[in-house]
Amino acid sequence: MIATLGRFIILTSVFVSAAGAMIAFAAGKRQSLDGLKLARRFAYAFAALMVLAVGVMEYALLTHDFSVSYVAQVGSREVPTWVTIVSLWSSLEGSILFWGLVMGLYIAGATWLTRNAYPDYMPFAIGTWLSCAAFFSFLISGPANPFITVPQPPLDGNGPNPLLQNHILMVAHPPFLYLGYVGMTIPFGFACAALLRGRLGHSFLKPLRASLMLPWIFLTIAIMLGGWWAYEVLGWGGYWAWDPVENASLLPWLTATAALHSAVVMERRGVLKGWTVTLVQASFLLTILGTFMTRSGVFNSVHSFTQSSIGPTILVFLAAALLFSVVLLALRVDSLESEGRIESPVSREGMFLVNNLIFVLLTFTVLIGTVFPLVVEALRGKQMSVGRPYFDSMVVPTGTALLFLIGVGPALPWGRPKRDQLVRSLLLPFASGAILGAIGFLAGARNPWTLVTLLFGGYAAWVTIVEMSRGGAKVLKRGRRRVGAYIVHAGAVIVLVAIAVSSTMKTQTEVQLTRGQSANIGMYTVTFLGAEDRTEPNRTSMIARFAVTSNGKPVTTMEPRMNQYPQMREPIGTPDVYSTVARDLYLSITNIDPGSQSVSVMMLITPMVSWIWIAVIVMGLGGVVALVPQRRVLAAEAEDRVPDVAAEVA
Amino acid sequence: MKRSRLFLILSLAVAAIAFGVIATTGISRNLVYYWSPTDITHAGDKAYGATIRLGGQVAPGSIRMGNGSLLDFDVTDHQHLIHVRSNGVPPQMFREGIGVVVEGTMVRGGYFQSDRLMVSHNNEYRAPKPGEAINAKQLIKTTKGL
C-alpha cells in the first residue's frame, strides 16, 4: 500500500518536472512572463512531491513496513531510532530519493528567491533545473526505485551497513555532502541561463555567485566530515587516502573554488565571463561524475553499496549534460563579451589568474589519477589503482604554491602596481613567515615541504590579518563579503599548515600488551587495564580499557573496541582518540582476546589534527559571513567600483 | 595583440604538455596492480618490483608465526600458491581459510613481501567450498578499507 503510494508520487514527479522543464524553455524562447509564472508553479510542485515521497519513506521506515523494498533492505527492529531515521541515506535507492528531496528544496528555494528578478534569464534557469530534476525522478522511478512492493514481507530486516551504524558522524556527513553536491545544480542552471540568454550582466553575477557559495560551504564541511569519519572509524589513523570516493568529493570543490575566485575578477574587471561559466558547469559535471564513481560500484567502497544498474543511466546523463554544456559554450561563449582587460600580470587580478590555473591543475591531477584505472580496466580489462605517492608528489607542491598565493594575491593591489608598492607589500609579511618556520624547526619539523608550508603559512596569515582588519569596525557593515573571504583564507592557511604538520610529524608504534602492562609513546604512558564484553541490542562489543598517564599524572582513560554486528561475519574495529589542541593520541585495536586478557594495539600520536576540523569549520563560517546579505550593499559596491571604472575609461 | 595571443596559446600548450608528461610518469610509477596467485605465477620475472595487491585465500595449515611480529603464510586461488611474508600484527579476523588482500612486492627470494595485510571485510564474502575456484579480482574489489 505504502509502496504503491510512493511509486505514484514519484511517477507524478517525473511528469511534473519534465513538463515544467519544457514549459520553462518555451517561455524562455518566447520571453513569456505567463510561461515563467507557470514554470515556477511546476518547480514548487516538484519540491512538494519530493517532500511527500521522503515523508512516505520515513513513515515506512519508522513503522518497519517491510513490504516496501527499501525498508526490507535497510530496516531492522533492532537498531536505535536515530539509525532508522538516517537509514534513508544508508543505501543506494534511499540515497537517490534523498538526493531528489535536496534537489527539490534547492530548486524551490532558488525559484522563490528570484521571483521578482531576472525575468529574461529565469525561464532558462528553471528549465535547466527541472531537466536535472526530471532525470533524478526518472532514476527514482526506475533504476533505483525504493518503493517496490515486497510480495512476502520479512518479519525483520538486516539493518543498514554496520560501518554506517558505527559512528554518529554518519548522521552529518551525507546530508552535508548532498547539500553540496546537489546544490551545484543551481549555479549550473544560472550559468546555462546566461549562455542561453546570450548575456551575463553585472546584476546577474549576484545570484550566480551566491548560489555557488552556498553549496561550496556545504561541500567544504562535508569533505572535512568525511575525513573525520574515516579518522574516527576506519582505524588506520589517517583522514585522507586519495581514495576514489574522497577524490570524487574534492573534484567539484576544486573547480567551484576556482569559479568563486574568477567571479571576483569578473565583477571587478568585467573579464573572464566565459571562463567562470565554464568552471561552474565543470563543477556540476564533476558532481555527476562523482555520483557515478561512488554509486555505480565501479569503485568498491563503503559508498558504493551493492552492484546496481544505475551506473549506465548516470553515465548517459553525464554524457548528455557534458554535450549540452560544451555545445552551449561553443555556440554562445562569444556573446559574453569582456568589458575590460587585465593590465598587468603582477597585480591582484594577475594572481587570481594564477590561482585559477593552479586549481585547474589540481583538478586535472586528481581527475587523471582517479579515472585512469577505470579507463584501463574498460579498455584492457586489467585491474589496478593509482598509488598514494602519485597524488602526494603532485599535490604537495601545488598546494604549497596555493598557500603562497593566499599570501601574495591579497598583498598585491589591483590594476598596475608601482615598484615600491610591490616591494613593501611583498617583503614585509615574510618576517612572520620566517618566525613561524623557525618555531616549526625548533618543534622538530625537518621535512622541507613542511618547513616551506610553515614559511608560506606565516606569510599568508600576516597578509590575511592585515587585509581583514583594514577599514576597522566599518568593514562589518560595508565590506562583509571581503571579510568573509579573508576568514575563509585564514581557515585555509590553518588547514594547509595542519595537514603538512600532521602528515609529516606523526609517531606510530604497534604493541602487544597483557593486562597490567604498559607501553610508552611520546609523552604518554599507556596501560592496558583489561578487556570486557558488552552487549547492545544491535551489536556486541569487545572493549579494551587503557589508562593514559603523562609524567606519572593520569590524563584520561581510552576504550577502543571491536564491534560485532550480527549480519557481518567479521568484527569492525573502532579506534578511540584523545584530542588536545597540540596533538591527538589514537589507539586502534588490531587484535583482542578477552580470554587471555591480551591485546595488540596500534598507538599513534599525530600533532595538530583537531586544527583541521576546526579550521574547516572556520572556512565554512567565513563563507556564511560572505553570503549573508548586507544592508546598503549596492551603495557600497558602487562606491567600491567607481575608481576602477574611471581607470578603465582613462 | 595578435602576436601576444599566439604567444599565450603557445605557452599554455607547452605548459599543458609538460603537465601531461609529469602526470603520466607519476601515474605509471605508482600503479598498484590487482593480481591473483595465478597471475603472479604466469608473469614470472615480470612480477618482480611492481607494487601488487595480491588477493586470495589463506591456505589452510600454512600460518606460521615467526619471531616478534613476523608472519608467514600462503595465499592460494586453488590453482597456484604464493608464499607471503608480512611484518606487523595481523588483524583480528585473520585466520586460515579467510579471504585476504596483501599489498607489497614479489622479491627475488621467491616470496611475496607484504607491507599491508587486509582481510575481506565484506558481508557478502563467504569462504569458498573445497574445490571451488576463487575469484581474486572480485575479492580485491570487495575488500573494504583499502
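Residues numbered from 1 in each chain as written. Chains lettered and ligands numbered in written order. Predicted model: local features only at pLDDT ≥ 70, side-chain atom pairs only at ≥ 80, totals over all residues.

## Points about the overall build of chain B
The secondary structure content of chain B amounts to 3 helices and 7 strands. Here chain B holds 146 residues, and the buried ones make up 35% of them. Expressed as a percentage of contacts within chain B between residues at least 6 apart in sequence, the contacts between residues at least 24 apart total 51%. (Helix = DSSP H or I, 4+ residues; strand = E, 2+ residues; numbered from the N terminus. Buried ≥ 20, exposed ≤ 12 C-beta atoms within 10 Å, placed from the backbone. Contact = placed C-beta atoms within 7 Å.)

## What about the overall build of chain A?
Within chain A, the secondary structure is distributed over 21 helices and 11 strands. Taken over the C-alpha trace, chain A has a radius of gyration of 26 Å; the compact-globule value for 650 residues is 26 Å, and the two agree within 12%. Principal axes of the C-alpha set define a box for chain A whose edges measure 85 × 70 × 55 Å. Put simply, of all contacts in chain A between residues at least 6 apart along the chain, 73% involve residues at least 24 apart. (Rg over C-alpha atoms; globule rule 2.2 N^0.38 Å.)

## Section: the pairing of strand β3 (residues 518–521) of chain A
All names here are of chain A. Pairing analysis gives 4 bridges linking β3 to strand β4 (residues 524–536), with the strands arranged antiparallel. Considered in β4, the bridge of S518 is made with T527. What sits between β3 and β4 in their antiparallel hairpin is a turn of 2 residues, with G522 showing a positive phi close to 55 degrees. (Pairing = 2+ DSSP bridges.)

## Notes on helix α8 (residues 169–183) of chain A
Its 15 residues give α8(A) an end-to-end C-alpha distance of 21 Å, which sits within 8% of 21 Å, the value for a rise of 1.5 Å per residue. Looking only at α8(A), the buried set comprises A:M170, A:H173, A:P174, A:F176, A:L177, A:Y178, A:G180, A:Y181, A:V182 and A:G183. (Expected span 1.5 Å × (residues − 1).)

## Looking at the packing of helix α11 (residues 244–269) of chain A against helix α14 (residues 348–380) of chain A
Residues and elements named next belong to chain A. Remark: α11 packs on α14, axes separated minimally by 9 Å, with the N-to-C direction vectors making an angle of 160 degrees. For the element pair α11 / α14, the angle class is roughly antiparallel. Here α11 runs over α14; the crossing is left-handed. Each residue belonging to the contact of α11 with α14 can be placed in one class, and the counts come to 13 nonpolar, 9 polar and 3 charged. (Axes fitted to C-alpha atoms, helices over the stretch in contact; angles between N-to-C directions. Parallel < 35°, antiparallel > 145°, perpendicular 65-115°, else oblique. Left-handed = near helix turned anticlockwise from the far one by under 90°. Nonpolar A, V, L, I, M, F, W, Y, C, P; charged D, E, K, R; others polar.)

## A short note on the sheet that holds strand β11 (residues 598–607) of chain A
Residues and elements named next belong to chain A. Spatial strand order, β2-β11-β10-β9: 4 strands in an open sheet with antiparallel pairing. Edge strands, defined here as strands with exactly one partner in the open sheet, are β2 (507–514) and β9 (576–579). Shown here is a sheet whose adjacent strand axes are inclined to one another by a mean of 20 degrees, direction ignored. The pairing of β2 with β11 spans 8 bridges and is antiparallel. In the sheet register, T514 faces β11, and the bridge partner there is S598.

## Topic: the confidence of the model for chain B
Of all residues in chain B, 75% have pLDDT values of 70 or greater, and the mean over the chain is 77. Confidence metrics for the complex model read pTM 0.89 and ipTM 0.77. (pLDDT = per-residue confidence, 0-100.)

## Considering unusual backbone geometry
Residue and element names in this part refer to chain A. With a phi angle near 50 degrees, Q31 is a residue other than glycine that sits in the positive phi range. Structurally, Q31 is set in the loop between α1 (2–30) and α2 (33–62). One non-glycine residue, Y118, lies in the positive phi region at around 50 degrees.

## Observations concerning the environment of A:A172
Mapped onto the secondary structure, A:A172 falls in helix α8. Residues A:A172 and A:L374, 202 residues apart in the sequence, show an inter-C-alpha distance of 30 Å.

## Brief notes about the nonpolar core
For soluble globular proteins, the rule of thumb is that nonpolar side chains tend to be buried together. Counting residues in hydrophobic clusters, the biggest one holds 185 residues, and the most contacted among them are A:A43, A:F46, A:I107, A:L130 and A:V493. It is helix α10 (residues 205–233) of chain A that provides the largest number of residues to this core, a total of 17 residues. Once residues lying within four places of it in the same chain are set aside, the contact partners of A:V493 are A:L403, A:I406, A:G457, A:A460, A:A461 and A:T464. B:I40, B:V101, B:V102 and B:M106 belong to the second largest nonpolar core, which has 21 residues in total. (Core = buried A, V, L, I, M, F, W, Y, C linked by C-beta atoms within 7 Å.)

## A closer look at the confidence of the model for chain A
Looking at chain A, pLDDT values average 87 and 93% of them are 70 or higher. When the criterion is pLDDT under 50, residues 632–650 of chain A qualifies, and its contacts beyond four places in sequence or with other chains add up to 5 contacts.

## A closer look at the packing of α2(A) against helix α6 (residues 122–141) of chain A
All names here are of chain A. It is the contact of α2 with α6, at a shortest axis distance of 10 Å, that shows an interaxial angle of 30 degrees. Taken together, the axes of α2 and α6 lie roughly parallel to each other. Between α2 and α6 lies a crossing of left-handed hand. Of α6, the residues touching α2 (which contributes G35, L36, A39, R40, F42, A43 and F46) are M122, P123, I126, W129, L130 and A133.

## Focus on the pairing of strand β2 (residues 51–58) of chain B
Residues and elements named next belong to chain B. Counting buried positions along β2 gives 7 out of 8 residues, so the element sits mostly inside the fold. Taking the sense of rotation as the criterion, the β-α-β connection linking strand β1 (residues 31–35), helix α2 (residues 37–43) and β2 turns out right-handed. For β2 and strand β6 (residues 99–106), the ladder comprises 6 bridges, and the chain directions are antiparallel. Within β6, the position partnered with Q57 by the bridge is G99. Bridge count between β2 and strand β4 (residues 71–76): 2 bridges; the pairing is antiparallel. Across the sheet, the residue bridging to V58 is V75, located in β4. (Right-handed = clockwise from strand over helix to strand, strands pointing away.)

## A look at the environment of A:V495
Residues and elements named next belong to chain A. Residue placement: V495 occurs in helix α19 (residues 480–504). Along the backbone, V495 and V423 are 72 residues apart, and their C-alpha atoms lie at a distance of 28 Å. When neighbours within four sequence positions are excluded, V495 is seen to be in contact with I612, A615 and V616.

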